[in-house]
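Next come the chains, spelled out residue by residue.
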Number of protein chains: 2
Amino acid sequence: MRIDDDRTAETTDRGAGPVGGAPSVRRGRPAPTSKDVARVAGVSQSTVSYVMSGKRPISEKTRRIVLEAIDQLTYEPHAGARALAGHRTNVVGLVVPFHNPEAASGLMAFAEEIAVNARDHDYDVLMLTAAEGPAGLARVQRRAMCDAVIVMEVATDDPRAAMARELEMPVIFIGVPDDHDGLHCIDFDFETGALLLVDALADAGCREIAALGWSEERVGLGMNYVPRFRASAEARAAERGVRLRWISAPHTRAGVEGFLDSVLAPAGRSHPGLLTVHSPHDLGAALQQRGLVPGRDLDVVSLCTDVEAEAQPVAPTAVSPQPRDVSRLAMGWLFDLLDNEIPAELRLVEAHLTTRGSVRPLG
Amino acid sequence: MRIDDDRTAETTDRGAGPVGGAPSVRRGRPAPTSKDVARVAGVSQSTVSYVMSGKRPISEKTRRIVLEAIDQLTYEPHAGARALAGHRTNVVGLVVPFHNPEAASGLMAFAEEIAVNARDHDYDVLMLTAAEGPAGLARVQRRAMCDAVIVMEVATDDPRAAMARELEMPVIFIGVPDDHDGLHCIDFDFETGALLLVDALADAGCREIAALGWSEERVGLGMNYVPRFRASAEARAAERGVRLRWISAPHTRAGVEGFLDSVLAPAGRSHPGLLTVHSPHDLGAALQQRGLVPGRDLDVVSLCTDVEAEAQPVAPTAVSPQPRDVSRLAMGWLFDLLDNEIPAELRLVEAHLTTRGSVRPLG
DNA sequence: CTGTTAGCGCATTCAT
DNA sequence: ATGAATGCGCTAACAG
């Protein structure tokens, strides 16, 4: 049986470090535990726990004393112990996609937003890679490494969808798999975004639209937003009696040039319209080289973030997929999901058109 | 006192799921524990533990039986429990920098390489943000959330350096703070890289070099590699009797154009040399627009990855900072550090010049 | 309102 | 070569 504490009841020697800029970590000393806090505060260990969790009423007086002791010892709870006893890790898993230079910037924005939101709720982020596939999700659940997972860059036919249905823990997909029944999915409303962009060109009088879509690689990986956007754009173009053409290899210099050759060469063609996705860097230069100015010689609209738009020589009228909004909402949903039972659902972030003068007003 | 097990000694009902594609996670059932494995295998719990850790000799026979039970139950150890009892989390922290579109691609490559290496050692990656500053390092240590941390995008005068010295846990800096005494730092050898690039131009007969460096933002943040590279390049240029000029705002279109105007306008100037860092996308287009071809009308060398180099209209002779090599080596060092006491040290990854024909052979 | 107690699932020290 | 017993630091149920 235990003979009680090995540590004596001194309340002073574990106090603050050297005067003036005491380091918040002291070498050699083991990290203080809630028992240490309890001793310093002169209360029981469970009281310390309850002060931290707020799961039962505590008198204002003891509350203050305990918080003071916590502060004095710079105590922080042992994550593993807490997870073991409390069945909660305070960690969310984030499955990041395979490296993709084209989309890297957007992905980092996503990830950062998620990490910051997590910290706001005293959560941390475990970085999982797409390389682990569905098995990765099962692994982190069985090891109890996180309370929920966010999956980015979902494919139309994504094997992680089936796995997510088997898991106990909440999984939020950023993107919409074909069969998203029973899944919690959130994404930008690419369908409406496509409508807005096609309409912007059609309203300006364009009879013909050339679209520079996602890279071949993205398409090949079956990214869910590609068909969502394309199908919607095509449907609307048909409705408006506009011809819509998709360009292959849109993100190579040759692709851009070839496109310009074929579409714009017959000078005087009526109202050529350009719809770009994440405007390829070369496009601005290519147009410029041909003396073509968006909003004067042709109409250009784009699906891209505001930052990307403003970076163009001529900022295009655009619809932003709002990566930060999407991840912020995803996190809000996730935290809701952790405490409450919420039925599976598909949530879409509203699309808006930002007019920027790359489209000629119909005159 | 404990009345022993609540679970009966059946060894069959927790077996594999439905025949043919049994899901590896079964809803409703609690995750199996090492005790479950022990019961199924007919051994003690500690034996299961020792089979997994290999920390004491186990007969081949029981070893096999235990592994079989583990497999059958798809058992995985509870991360929190393991961390609590074993004082090891099997997690490495990774501090990712503030969002920076310019460098996002490289950072994702870093992160992916680190994550993959971690998984190879049965480690996971906790994503920390630079926003937490030095306090973030202290926090994850006190909470026992990881066994070591890797810090990316280190500043010349980085507050995390001081914190790292206080910590018990290993911290590896990717980058070299000014005062790196007592720190474990690893990075690409930017100094030698600069020498190689300046030499390449000087050897080709350039008397004048214009350098397009990092963005103002990077410089403003005090990124350690900026002065390391610049100082070394300047020193070598002086040695070689070459004039070296740094261009401000190198990553704006105006910056690039302004630079070309001032340096190249006086046609026939002797051997203009260009040294670029992460070639701005616009540079290729800008040169092309002026009818200038690297390797014919001027000499261009670059500090950029092979991928970035090959993406240019004319692939430049270049030195690659080898992000993947650096992170792989960092992880190797880290795992070494976890088991062995290794003195602090600065490790540099060797620089190599890859000749690609953007420099005219001296004739 | 607060203290006492029993595990959470594992690693590890004793025993054999 | 194996088993039994202990405790890591915490949460939550139980007892006042």
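The model shown is predicted, which means the values in this text are computed figures rather than measured ones.

**Focus on the nonpolar core**
Item 1. In this structure, A:Phe229 and B:Phe229 are the most contacted members of the largest nonpolar core, which totals 120 residues.
Item 2. Non-local contacts of B:Phe229, meaning those with residues more than four positions away in its chain, are made with B:Phe190, B:Gly193, B:Ala194, B:Leu197, B:Trp214, B:Trp246, B:Leu275, B:Val277 and B:Leu303.

**Topic: the protein's contact with DNA strand C**
Item 1. Surrounding DNA strand C, one finds 28 residues, the nearest of these being A:Thr47, A:Arg56, B:Ser34, B:Tyr50 and B:Tyr75.
Item 2. Per the 4 Å cut-off to the protein, sugar and phosphate atoms form 52% of the nearby atoms of DNA strand C.
Item 3. Taking A:Arg56, its side chain carries an N or O atom lying 2.7 Å from a base oxygen of DNA strand C.
Item 4. Looking at the surface near DNA strand C, its residues break down into 10 nonpolar, 12 polar and six charged.

**So, the UniProt feature "domain: HTH lacI-type" (unreviewed entry) in chain A**
Item 1. Look at the UniProt record and you will see "domain: HTH lacI-type" (unreviewed entry) annotated at residues 32-86 of chain A.
Item 2. From the first C-alpha to the last, residues 32-86 of chain A spans 19 Å; its make-up is 71% helix and 0% strand.

**Comments concerning the interface of chain B and chain A**
Item 1. Contacts between the two partners involve 56 residues from chain B and, on the opposite side, 56 residues from chain A.
Item 2. Between chain B and chain A the total buried area reaches about 5400 Å² when both faces are included, carbon and sulfur atoms providing 56% of it.
Item 3. Interface area lost by chain B to chain A is led by B:Met127, B:Arg142 and B:Arg143, which between them contribute 15%.
Item 4. At the boundary of chain B with chain A, the tally comes to 10 salt bridges.
Item 5. A salt bridge links B:Arg119 to A:Glu132; the nearest nitrogen and oxygen atoms lie 3.4 Å apart.
Item 6. For the pair chain B and chain A, the number of links is 18 residue pairs in polar contact (both at pLDDT 80 or more).
Item 7. Within the residue set of the side of chain B that touches chain A, elements represented by two or more residues are α4 (79-86), α5 (104-120), β2 (124-129), α6 (133-142), α7 (159-166) and α12 (281-289) of chain B.

**Describing the relation of the copies chain B and chain A**
Item 1. For the pair chain B and chain A, the relating rotation is 180 degrees, the translation along its axis is 0.0 Å, and the fit reaches an RMSD of 0.1 Å. What we have between these two chains is a two-fold relation. By C-alpha distance to the rotation axis, the residue of chain B lying nearest is B:Gly80, at 1.9 Å.
Item 2. The residues that chain B uses at the interface reappear at the interface of chain A in 100% of cases, marking a shared surface.

**Side note on the sheet that holds strand β5 (residues 184-188) of chain B**
Item 1. Across the sheet, 12 strands lie side by side as β11(A)-β5(A)-β4(A)-β3(A)-β1(A)-β2(A)-β2(B)-β1(B)-β3(B)-β4(B)-β5(B)-β11(B); this open sheet has mixed pairing. Each having just a single partner strand, β11 (345-349) of chain A together with β11 (345-349) of chain B make up the two edges of the open sheet. Taken over all neighbouring pairs, the strand axes of this sheet differ in orientation by 25 degrees on average, direction set aside.
Item 2. Note: strand β3 (residues 148-151) of chain A against strand β4 (residues 171-174) of chain A, three bridges, orientation parallel. Along β4(A), the bridge assignment pairs A:Ile150 with A:Ile172.

Thresholds, definitions, all that
- Residues numbered from 1 in each chain as written.
- Chains lettered and ligands numbered in written order.
- Predicted model: local features only at pLDDT ≥ 70, side-chain atom pairs only at ≥ 80, totals over all residues.
- Heavy atoms only, no water.
- Core = buried A, V, L, I, M, F, W, Y, C linked by side-chain atoms within 4.5 Å.
- Buried < 20%, exposed > 50% of the residue type's maximum accessible area, 1.4 Å probe, protein only.
- Contact = heavy atoms within 4.5 Å.
- Near = heavy atom within 4 Å.
- Polar contact = N/O pair within 3.5 Å; in protein donor to acceptor, adjacent residues only side chain to side chain.
- Nonpolar A, V, L, I, M, F, W, Y, C, P; charged D, E, K, R; others polar.
- UniProt positions renumbered as here; feature names shortened; annotations may be inferred.
- Helix = DSSP H or I, 4+ residues; strand = E, 2+ residues; numbered from the N terminus.
- Buried area = accessible area lost by both parts, 1.4 Å probe.
- Salt bridge = Lys/Arg side-chain N within 4 Å of Asp/Glu carboxyl O.
- Least-squares fit on C-alpha atoms with pLDDT ≥ 70 in both.
- Pairing = 2+ DSSP bridges.
- Axes fitted to C-alpha atoms, helices over the stretch in contact; angles between N-to-C directions.

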